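Chains, contacts and geometry: an overview
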Amino acid sequence: MHTDPIADYLTRIRNGIMAGHDAVVVPASKIKAGLCGILKQEGYIHSFKQVEHEGRVYLILNLKYVKDKENVIHGLRRVSRPGLRIYSGAQEIPEVHGGLGIAILSTPKGLLTGKDAKKQNVGGEVLAHVW
């Protein structure tokens, strides 16, 4: 059993990128599907789909590369974790790499990027930074 499934999800993506894989398979959950939706919306992955195999549900993420297998995702970092939760108000949402990356927040309105959360004037738990 994993104590931090989101950190495991980010690590699987990071390892897949470092190994040059075209796709990564992760165990599915609602929050991971929401994270995939944000990564796709922001252009960090091509696509994702949910599949069932032997009674378990998985997400298959198709990673995105530019010319010469240079990955689009340069870094992933878990911010709030089970041992140290990090919350941010609507006005204190951090910029990631000078605005070149995104912060992903869990808010009362669902999972949002930092920009969307500021527009909607909601704060929440800062789950991860992607750049």
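Residues numbered from 1 in each chain as written. Predicted model: local features only at pLDDT ≥ 70, side-chain atom pairs only at ≥ 80, totals over all residues. Heavy atoms only, no water.

In the nomenclature of an unreviewed UniProt entry, the protein chain corresponds to Small ribosomal subunit protein uS8 from the organism Geothrix limicola.

1. Comments concerning helix α2 (residues 30–41)
Look at α2: 16 Å from first C-alpha to last across 12 residues, which is about the 16 Å you get at 1.5 Å a residue. Every buried residue of α2 is accounted for by Lys32, Leu35, Cys36, Ile38 and Leu39. For α2, the arc enclosing every buried residue in end-on projection is 160 degrees, short of the 170-degree limit, so these residues lie on one face. Residues of α2 that are exposed and point more than 90 degrees away from the buried face comprise Lys30 and Gln41. Remark: Gly43 follows α2 within two positions and exhibits a positive phi of approximately 85 degrees. (Helix = DSSP H or I, 4+ residues; strand = E, 2+ residues; numbered from the N terminus. Expected span 1.5 Å × (residues − 1). Buried < 20%, exposed > 50% of the residue type's maximum accessible area, 1.4 Å probe, protein only. Arc of directions from axis to C-beta.)

2. So, the sheet that holds strand β3 (residues 56–63)
One open sheet accounts for three strands, arranged β1-β3-β2; its pairing is antiparallel. Whereas interior strands pair on both sides, the edge strands pair on one side only; in this sheet they are β1 (23–27) and β2 (45–53). The average angle at which neighbouring strand axes cross in this sheet is 25 degrees, direction not considered. In this sheet, β3 lies alongside β1 in antiparallel orientation, the contact comprising five bridges. Counterpart to Ala23 in the pairing with β3 is Asn62. On top of the sheet, helix α1 (residues 5–19) reaches β1 and β3; it is set at about 160 degrees to β1, its chief contact. Against the sheet, α2 engages β1, β2 and β3, with an angle of about 155 degrees to β2. (Pairing = 2+ DSSP bridges. Axes fitted to C-alpha atoms, helices over the stretch in contact; angles between N-to-C directions. Contact = heavy atoms within 4.5 Å.)

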